[in-house]
Amino acid sequence: MTEPRLDIVAIGNAIVDVIAQADDAFIANEGVAKGSMRLIDTETATGLYGRMGQAIEASGGSAANTVAGAAALGRRCGFIGQVAQDQLGEVFVHDIRALGVEFATPAREGEPPTARCLILVTPDGQRTMNTYLGASQFLPAEALDRDMIASAAILYLEGYLWDPAEPRAAMQTAIRIARDAGRKVAFTLSDAFCIERHRDDFKALIADGAIDILFANETEILSLNQTEDFEAAVAATAGQVETLVVTRSEKGAIAVRGGERFAVPAQPIDAVVDTTGAGDLFAAGFLAGQAEGRSVVDSLTMGAIAAAEVISHFGPRPVADIKALVARKLG
């Protein structure tokens, strides 16, 4: 096996985040559940965008946020995702490359346009996401940069992209490429609604040994195993993957590897401003720690530091120097 050129390459939805503040009444009037994520069509996206207040626009998407965070921690990263030949597509490409992340997926001609996530953040920091997947759901296997995948120590995949058939097939191909090259495969379950739609597929991937590192939050691990018993859910999955990582919000996070369980507390912050990207940045910190050869506990701590930073301000990407924050905590 050749020495990896990159630490992490991620495949996910190439989305531009449009983030605006909103009150609970606005959320209620839109008829959506506060704190949820829903998929919307073009008409709904256009109407909601027109009703939103002043917004921040920046490249986003779950896996893209993760490699952005890992790059900020000094890791060599790449990203594969589909944008369209339009203005938001140009925004996404510029932003991801400006972070030092390799990106070479050709833009798609014609309709639909580049994906966007309209994020409404209430005063308590909760984010309600309205996602128009657009071009991102048309990532074909032919668009994969096979050399990039084979050259990365870890391939990271997001569950959100499992829904459309074309990118699902692309990710299955990517897993085979990574496996053939002797690389690790990491997967995030992304959201309970993804699990409800694809539980059998996800459980098959896990049971077949296709996943080395599995990320979930507490709700997701319960949903995957269709139980309300957290310990039973962890036990049911931990033995099927090399490493299971479960985040638990203010209760911190755990990991199980080789039958041994590790836990870290949540990092203290003054106030939760916006929870957008918390899980993505936790994965960034953990994977960056693993790429550096750190222990499981140190990697969990790096994840907690990165997640704490991102929820202390608006937006899904770090603002402070998270590499310096890690150095002060762990050296």
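Given the structure is predicted, the values throughout are model-derived calculations rather than measurements. (Residues numbered from 1 in each chain as written. Predicted model: local features only at pLDDT ≥ 70, side-chain atom pairs only at ≥ 80, totals over all residues. Heavy atoms only, no water.)

Participant: What am I meant to see in the overall build of the protein chain here?
Facilitator: A tally of regular secondary structure across the protein chain gives twelve helices and 14 strands. In summary, the protein chain has a C-alpha radius of gyration of 18 Å against a globular reference of 20 Å for 331 residues, a match within 12%. Over its C-alpha atoms, taken along the principal directions, the protein chain stretches across nearly 50 × 45 × 40 Å. Carbon and sulfur atoms make up 49% of the accessible area of the protein chain, which amounts to about 13500 Å² in all. If you average the places of the 28 positive and of the 44 negative side-chain charges in the protein chain, the two averages end up 4 Å apart. (Helix = DSSP H or I, 4+ residues; strand = E, 2+ residues; numbered from the N terminus. Rg over C-alpha atoms; globule rule 2.2 N^0.38 Å. Areas by Shrake-Rupley, 256 points an atom, 1.4 Å probe, with all protein chains shown as cover. Lys, Arg positive; Asp, Glu negative; His and termini not counted. Charge placed at Lys NZ, Arg CZ, Asp CG, Glu CD.)

Participant: Got a minute to help me understand the pairing of strand S13 (residues 253-257) in this structure?
Facilitator: For a regular strand, the rule is simple: side chains alternate between the two faces of the sheet. Extensive coverage of S13 is indicated by the burial of four of its five residues. Direction of pairing for strand S12 (residues 243-247) relative to S13: antiparallel, over a ladder of five bridges. Its bridge partner lying in S13, Val-246 is registered against Ile-254. Where S12 folds back on S13, the antiparallel hairpin that results is connected by five residues, among which Ser-249 adopts a positive phi of roughly 55°. Between S13 and strand S14 (residues 260-264), which pair antiparallel and follow one another directly, the connecting turn spans two residues, one of which, Gly-258, has a positive phi of 60°. (Buried < 20%, exposed > 50% of the residue type's maximum accessible area, 1.4 Å probe, protein only. Pairing = 2+ DSSP bridges.)

Participant: What is the right way to look at the UniProt feature "domain: Carbohydrate kinase PfkB" (unreviewed entry) in the protein chain in this model?
Facilitator: UniProt marks residues 57-318 with the feature "domain: Carbohydrate kinase PfkB" (unreviewed entry), using the numbering shown here. Helix makes up 41% of residues 57-318 and strand 21%, and the two end C-alpha atoms of the span are 15 Å apart. (UniProt positions renumbered as here; feature names shortened; annotations may be inferred.)

Participant: Hey, could you run me through the layout of surface pockets in this one?
Facilitator: Empty space left among the atoms is revealed by rolling a probe the size of a water molecule over them. Roughly 190 Å³ of internal volume is contained in the second largest pocket. In this structure, the second largest pocket is lined by Pro-4, Asp-7, Arg-76, Ala-153, Ile-154, Lys-184, Ile-213, Glu-242, Arg-257, Gln-290 and Ala-291. For the lining of the second largest pocket, the secondary-structure elements that each account for two or more residues are strand S9 (152-158) and helix H10 (278-291). Here the lining of the second largest pocket is composed, by residue class, of five nonpolar, one polar and five charged. (1 Å grid on protein atoms, 1.4 Å probe; cavity = no way out; pocket = protein on both sides within 12 Å on 5 of 7 lines; lining within 4 Å. Points joined across faces, edges and corners; volume = space filled by probe spheres on them. Nonpolar A, V, L, I, M, F, W, Y, C, P; charged D, E, K, R; others polar.)

Participant: Which parts of the structure should I look at to understand the nonpolar core?
Facilitator: For soluble globular proteins, the rule of thumb is that nonpolar side chains tend to be buried together. By size, the foremost hydrophobic cluster in this structure holds 54 residues, and its most contacted members are Ile-11, Ile-149, Leu-155, Phe-187 and Ile-221. Apart from residues no more than four positions distant in its own chain, Ile-221 is found in contact with Ala-216, Phe-230, Ala-233, Val-234, Thr-237, Leu-244 and Val-246. (Core = buried A, V, L, I, M, F, W, Y, C linked by side-chain atoms within 4.5 Å. Contact = heavy atoms within 4.5 Å.)

Participant: Is there a simple way to think about the environment of Asp-95 in this case?
Facilitator: Among the structural elements, Asp-95 can be located in helix H4 (residues 87-98). Each C-alpha atom, one on Asp-95 and one on Asn-130, is 21 Å from the other, the two residues being 35 residues apart in sequence. If we ignore the near neighbours within four places in the chain, the residues touching Asp-95 are Ala-58 and Ser-59.

Participant: Mind showing me how you'd approach the pairing of strand S10 (residues 184-188) here?
Facilitator: A large share of S10 lies buried, amounting to four of its five residues. Bridge analysis of S9 against S10 gives five bridges, and the strand direction is parallel. Bridged to Ile-154 within S10 is Lys-184. The β-α-β motif built from S9, the intervening helix H6 (residues 165-180) and the parallel element S10 has right-handed crossover chirality. Each parallel crossover has a hand, and the one from S10 via helix H7 (residues 192-207) to strand S11 (residues 213-217) is right-handed. (Right-handed = clockwise from strand over helix to strand, strands pointing away.)

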